[in-house]
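Notes for the structure review
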Amino acid sequence: MRPFTLNYAFPRALTAATTPYRFDESRQLNVLPDGSPAVSDPDLLLAAGTTVSTAGSKAHFDD
């Protein structure tokens, strides 16, 4: 039997998310499709709060 509250605690379906930036390994930063740094886009920062990548985890054992 499924508890009633679980009908509201979890979303019914997950929506697909796309990131408007990609990690540029040669520059070691996230860039927008036009090649500019992702941190220079105030609308993106307001929507996402930050831009993240796995670069630190690949470079340092303590990240």
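Further up the page is the structure itself.
Let us look at the structure shown here. (Residues numbered from 1 in each chain as written. Predicted model: local features only at pLDDT ≥ 70, side-chain atom pairs only at ≥ 80, totals over all residues. Heavy atoms only, no water.)

It is worth spelling out the environment of P33 at this point. Mapped onto the fold, P33 is located in the loop between β2 (29-31) and α2 (42-48). As for P33 and P20, which are separated by 13 residues in sequence, their C-alpha atoms are 7.3 Å apart. (Helix = DSSP H or I, 4+ residues; strand = E, 2+ residues; numbered from the N terminus.)

On the secondary structure map, F23 appears in strand β1 (residues 22-24). Along the primary structure F23 and A38 are separated by 15 residues, whereas in three dimensions their C-alpha atoms are 9.4 Å apart.

Before going further, it helps to examine the side chain of D24. Positionally, D24 belongs in strand β1. For the buried residue D24, which engages in no salt bridge, the nearest side chain bearing the opposite charge is R27, 4.2 Å off. At 2.8 Å, the side chain of D24 and the side chain of S26 are in polar contact. When neighbours within four sequence positions are excluded, D24 is seen to be in contact with L29 and V31. (Buried < 20%, exposed > 50% of the residue type's maximum accessible area, 1.4 Å probe, protein only. Lys, Arg positive; Asp, Glu negative; His and termini not counted. Salt bridge = Lys/Arg side-chain N within 4 Å of Asp/Glu carboxyl O. Polar contact = N/O pair within 3.5 Å; in protein donor to acceptor, adjacent residues only side chain to side chain. Contact = heavy atoms within 4.5 Å.)

This part is about unusual backbone geometry. One non-glycine residue, Q28, adopts positive backbone phi at about 60°. Within the secondary structure layout, Q28 lies in the loop between β1 and β2. Overall, Q28 belongs to the exposed group, its relative accessible area being 52%.

Turning our eyes to something else, we now look at the environment of D41. If you trace the backbone, D41 turns up in the loop between β2 and α2. Judged by its relative accessible area of 22%, D41 falls in the partly exposed class. Along the chain, D41 and V31 lie 10 residues apart, while their C-alpha atoms are 9.9 Å from each other. Separated by 3.2 Å, the side chain of D41 and the backbone nitrogen of D43 make a polar contact.

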